[in-house]
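# Close look at the chain arrangement
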Amino acid sequence: WVAGGRDALDGGVIYHTKDGGKTWELQLGDPQSSDRAFDHLDFVDATHGFAVESTSGGDHRLVCTSDGRTWVPCGTVPQNRTDYTFATAKTGFTDSRDRILRTTDAGKTWQPVYSCRVKTEINGLTREAECQFARIFFPDPSVGYAVSQPLPENSGNVLAKTEDGGSTWTARIILPGDSAKESALWFTDARTGVLRTIDGKMFRTADGGETWTGASGQAEGKPDVSFAGARVGLMVVYKTMVYTSNGGATWRSREIGFPATVNDSWLPAPDRAYAVGEHGMVYRYRVVPIEYAAKGILSAPFIAAR
């Protein structure tokens with residue numbers, strides 16, 4: 001699936017391919033309409049997915065599919081959120097300033113499950129600080145993480161964790177001096193995850209967020225990250241591909257000759273990825289023999305874990 005529009009305010013559409021991108025079927029919207037663009041696709045399995053359509057005022061409209069083909073309005077997400085995700089076909093999470101909200105009816109209603117207040121040392125004094133969340137990720141329906149924007153005076157970022165499906169959360173302060181604003185977050189299992197900060201630094205945890213270690217490599221341009229399995233991860237933004245084959249311990253980058261700017265990417269398998277961007281551009285990454293040639297082919301590095 002891909003989601004977008006002619007621009008942010010017009011031509012909202014969702015397309016689907018079942019042949020690896022050779023052909024695309026329009027499932028929702030009209031590219032010539034005055035309906036706003038769809039974005040932030042979020043699938044929990046092969047048939048259950050969600051997307052957001054921004055509205056001119058109030059909460060944003062949430063559309064969903066339960067068969068992978070038919071999309072219907074199913075609820076809303078807060079206008080002032082920075083992220084949302086679904087852990088199951090019914091249970092999802094979003095943020096609203098300092099709060100995490102949960103839905104158990106696919107977005108029809110949302111209830112607060114956590115408000116973030118932490119004690120931290122700021123300019124030598126212990127203070128209680130409110131935090132605003134930046135990213136939410138659930139590697140499974142029980143375990144989830146939410147990372148905040150930086151606390152005052154860049155004294156750290158809050159990492160909130162749940163192990164009971166969002167009913168209770170515990171918080172710790174991580175990465176003082178670095179900013180998780182506009183960050184990217186991904187966990188390959190309940191304990192192993194990576195975090196990209198606003199300035200492109202990469203960090204990795206193997207103990208459920210208790211400790212974070214810096215990884216080699218940078219990711220400029222604030223791209224989102226996706227993993228296929230435990231080892232292979234990918235980010236693509238503008239015309240730069242950033243990738244890892246060792247679970248995020250090291251990241252390499254390569255300039256790719258895309259004909260337009262890349263806005264997003266996704267890695268469904270270690271040897272298969274998609275990059276989408278301006279003017280309806282869709283490129284598929286796959287591993288081919290060195291002598292392979294085709295119209296419009298772009299060279300790219302081999303990233304599958306050995």
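Above this text is the structure in question.
Below you will find a few notes about this structure.

Rules behind the numbers
Residues numbered from 1 in each chain as written. Predicted model: local features only at pLDDT ≥ 70, side-chain atom pairs only at ≥ 80, totals over all residues. Heavy atoms only, no water. Pairing = 2+ DSSP bridges. Helix = DSSP H or I, 4+ residues; strand = E, 2+ residues; numbered from the N terminus. Axes fitted to C-alpha atoms, helices over the stretch in contact; angles between N-to-C directions. Polar contact = N/O pair within 3.5 Å; in protein donor to acceptor, adjacent residues only side chain to side chain. Contact = heavy atoms within 4.5 Å. Phe/Tyr/Trp six-rings, centres within 6.5 Å; stacked < 30°, edge-to-face > 60°. Buried < 20%, exposed > 50% of the residue type's maximum accessible area, 1.4 Å probe, protein only.

So, on to the sheet that holds strand E25 (residues 252-255). Taking strand neighbours across the sheet as the criterion, the four strands line up as E22-E23-E24-E25 in an open arrangement whose pairing is antiparallel. Each end of this open sheet is capped by a strand with a single partner; those strands are strand E22 (226-228) and E25. In this sheet, adjacent strand axes meet at a mean angle of 25° when their direction is disregarded. Across five bridges, the pairing between strand E23 (residues 232-237) and strand E24 (residues 240-244) is antiparallel. Bridge pairing in E24 places Val236 opposite Met241.

Among the structural elements, Arg135 can be located in strand E14 (residues 133-137). A distance of 2.6 Å separates a polar atom in the side chain of Arg135 from the backbone oxygen of Ser183. Apart from the residues within four sequence positions on either side, Arg135 is in contact with Asp83, Tyr145, Ala146, Val147, Ser183, Ala184, Leu185 and Asp224.

For the rest of this paragraph, the subject is the packing of aromatic side chains. In this structure the tally under the stated criterion is 16 aromatic pairs. Pairing Phe93 with Phe138 gives two aromatic rings, centres 4.2 Å apart and planes at 15°, and the pair type is stacked. One end of the pair, Phe93, is in strand E9 (residues 92-96); the other, Phe138, is in the loop between E14 and strand E15 (144-150), and 45 residues separate them in sequence. Each of the two residues, Phe93 as well as Phe138, counts as buried. With a centroid separation of 6.3 Å and 75° between ring planes, the pair formed by Phe93 and Trp169 is classed as edge-to-face. Within this pair, whereas Phe93 is found in strand E9, its partner Trp169 is found in the loop between strand E16 (157-162) and strand E17 (170-174), the two being separated by 76 residues in sequence. Exposure remark for Trp169: the relative accessible area of 10% places this residue in the buried category. Site record: aromatic cluster; members linked through ring pairs are Phe93, Tyr114, Phe133, Phe138 and Trp169.

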